[in-house]
Amino acid sequence: MGIVMKFTILLSLSSVFLLACTSSHKVERYVHKATQAYYIHYGGHNYRDLEQSNGPTFFLNEIVNGNLKDIATNEQKAYAYMYLAKIELKKDKPLDAINLLEQSEQKSNLFPYRYELLADYYFKKGDFEKSKYYYQRLIDWLNMRIKEVMSGSFNIDKLEFMDIRSYKDGQFEDEYIEMYNKAQPKEFRNILYSEYLSHKKKITEKQLTTIYTHYK
């Protein structure tokens, strides 16, 4: 094979690699833009029903149905579907949200988006029977995943960092960010992920206690 041919092949491979990296980074940028736009538009109690053209729905749809759908990972698509569901919950459209959360689960089930978001939604709406149901399902999910992590049957490398904000309430979760860092030992990341899940379980149990105590 001639030098020119070798150089051409190497150049082509480099171009493909750079394009893949650029595309991957673009999806990551859209994920971050979507979450930022969500909290700007829907973060407060008062918001406009009509989004701007570069609002969160635009970025999220680009990930699941648009130009980025063929390069976004399943975890990124699951995350995007979940945020689209959050938007529907803001509009008091729980059935549409449930449909989107089911699509999210079909892509990836690394986090209990459906149970957690719906439990909190119905709690805020005063529908404590539905809220209790979803909180109980959330605890079942958390117990299952904690057991998987402790037994070693869960692959911690599946976790994929999306945003430092919590998808649930917008608070920051910087104390758990290292569970995504593959440079860290797996044992350390498993422990951190277990602590993250246990923290969610503690909050959920507190919510259930509130329901049983005050809203029988």
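A brief structural summary. (Residues numbered from 1 in each chain as written. Predicted model: local features only at pLDDT ≥ 70, side-chain atom pairs only at ≥ 80, totals over all residues. Heavy atoms only, no water.)

Regarding the overall build of the protein chain
Each helix and strand counted, the protein chain has seven helices and zero strands in total. For the protein chain, the N- to C-terminal ordering of α and β elements is α-α-α-α-α-α-α. Counting across all 216 residues of the protein chain, residues that qualify as buried make up 43%. At a minimum sequence separation of 6, the contacts of the protein chain that also span at least 24 residues come to 62%. (Helix = DSSP H or I, 4+ residues; strand = E, 2+ residues; numbered from the N terminus. Buried < 20%, exposed > 50% of the residue type's maximum accessible area, 1.4 Å probe, protein only. Contact = heavy atoms within 4.5 Å.)

Focus on the environment of Gly152
Considering the arrangement of structural elements, one finds Gly152 in the loop between helix H6 (128–151) and helix H7 (186–214). The sequence separation of Gly152 and Glu187 amounts to 35 residues, and the corresponding C-alpha distance is 9.5 Å.

Considerations on the pattern of salt bridges
Two side chains bearing opposite charge may form a pair once their charged atoms approach each other closely. Counted under the stated rule, the structure contains nine salt bridges. When the shortest N-O distance is used, the salt bridge between Lys132 and Glu129 registers 3.5 Å. Here Lys132 pairs with Glu129, and both are found in helix H6, just three residues apart, close to one helical turn. Judged by relative accessible area, Lys132 falls into the buried class, the value being 18%. Classification of Glu129 as exposed rests on a relative accessible area of 54%. For the salt bridge of Glu148 with Arg145, the shortest nitrogen-to-oxygen distance reads 2.8 Å. Highlighted residues: Glu148 and Arg145, both in helix H6, separated by three residues, approximately one helical turn. With relative accessibility at 6%, the residue Arg145 sits in the buried group. Linked by salt bridges that have partners in common, Asp157, Lys186 and Arg189 make up one network. (Salt bridge = Lys/Arg side-chain N within 4 Å of Asp/Glu carboxyl O.)

Thoughts on the packing of aromatic side chains
Taken as a whole, this structure holds 23 aromatic pairs when the rule is applied. Ring centres of Tyr79 and Tyr83 lie 5.2 Å apart, and the angle between their planes is 50 degrees; on these two criteria the pair is classed as tilted. Of this pair, Tyr79 and Tyr83 are both found in helix H3 (residues 74–90), four residues apart, which corresponds to roughly one turn of the helix. Of the residues examined, Tyr83 reaches a relative accessible area of 1% and is grouped as buried. Seen from their ring centres, Tyr133 and Tyr134 are 5.0 Å apart, and the 75 degrees between their planes marks the pair as edge-to-face. We classify Tyr134 as buried; its relative accessible area is 13%. An aromatic cluster of three or more residues is present, and its members are Tyr38, Tyr39, Tyr42, Tyr79, Tyr83, Phe111, Tyr113, Phe154, Tyr167, Tyr176, Tyr193 and Tyr196. (Phe/Tyr/Trp six-rings, centres within 6.5 Å; stacked < 30°, edge-to-face > 60°.)

Quick notes on H6
Note on helix geometry: an α-helix contains 3.6 residues per turn, so any two residues three or four positions apart are oriented the same way. With 24 residues, H6 should cover 34 Å at 1.5 Å per step; its first-to-last C-alpha distance of 34 Å lies within 8% of that length. Among the residues making up H6, those that are buried are Phe128, Ser131, Lys132, Tyr134, Tyr135, Leu138, Ile139, Trp141, Leu142, Arg145, Ile146 and Val149. Structurally, H6 contributes buried residues whose contacts are with helix H4 (94–107), helix H5 (113–125) and H7. With its phi angle positive at about 85 degrees, Gly152 sits one or two positions after the end of H6. (Expected span 1.5 Å × (residues − 1).)

Points about the nonpolar core
If you look at the biggest cluster of nonpolar residues, it comprises 59 residues, and the most contacted ones within it are Phe111, Leu159, Tyr167, Met179 and Tyr193. When contributions to this core are tallied by element, the ones reaching two or more residues are helix H1 (3–42), helix H2 (56–64), H3, H4, H5, H6 and H7. In this view, Phe111 contacts Trp141, Leu159, Tyr167, Met179, Tyr180, Tyr193 and Tyr196; residues no more than four positions away in its chain are not counted. (Core = buried A, V, L, I, M, F, W, Y, C linked by side-chain atoms within 4.5 Å.)

Digging into unusual backbone geometry
We note that Asp92 has phi near 60 degrees; this positive angle belongs to a residue other than glycine. Classification of Asp92 as partly exposed rests on a relative accessible area of 40%.

Concerning the packing of H5 against H6
Relative to each other, H5 and H6 sit at 155 degrees, their axes nearing to 8 Å. The orientation of H5 with respect to H6, classified from their angle, is roughly antiparallel. For the pair H5 and H6, the sense of crossing is left-handed. On the side of H5, the interface is formed by Tyr115, Glu116, Leu118, Ala119, Asp120, Tyr122 and Phe123, while H6 contributes Phe128, Lys130, Ser131, Tyr134, Tyr135, Arg137, Leu138 and Trp141. Here the contact of H5 with H6 is built from residues that sort into ten nonpolar, one polar and four charged. (Axes fitted to C-alpha atoms, helices over the stretch in contact; angles between N-to-C directions. Parallel < 35°, antiparallel > 145°, perpendicular 65-115°, else oblique. Left-handed = near helix turned anticlockwise from the far one by under 90°. Nonpolar A, V, L, I, M, F, W, Y, C, P; charged D, E, K, R; others polar.)

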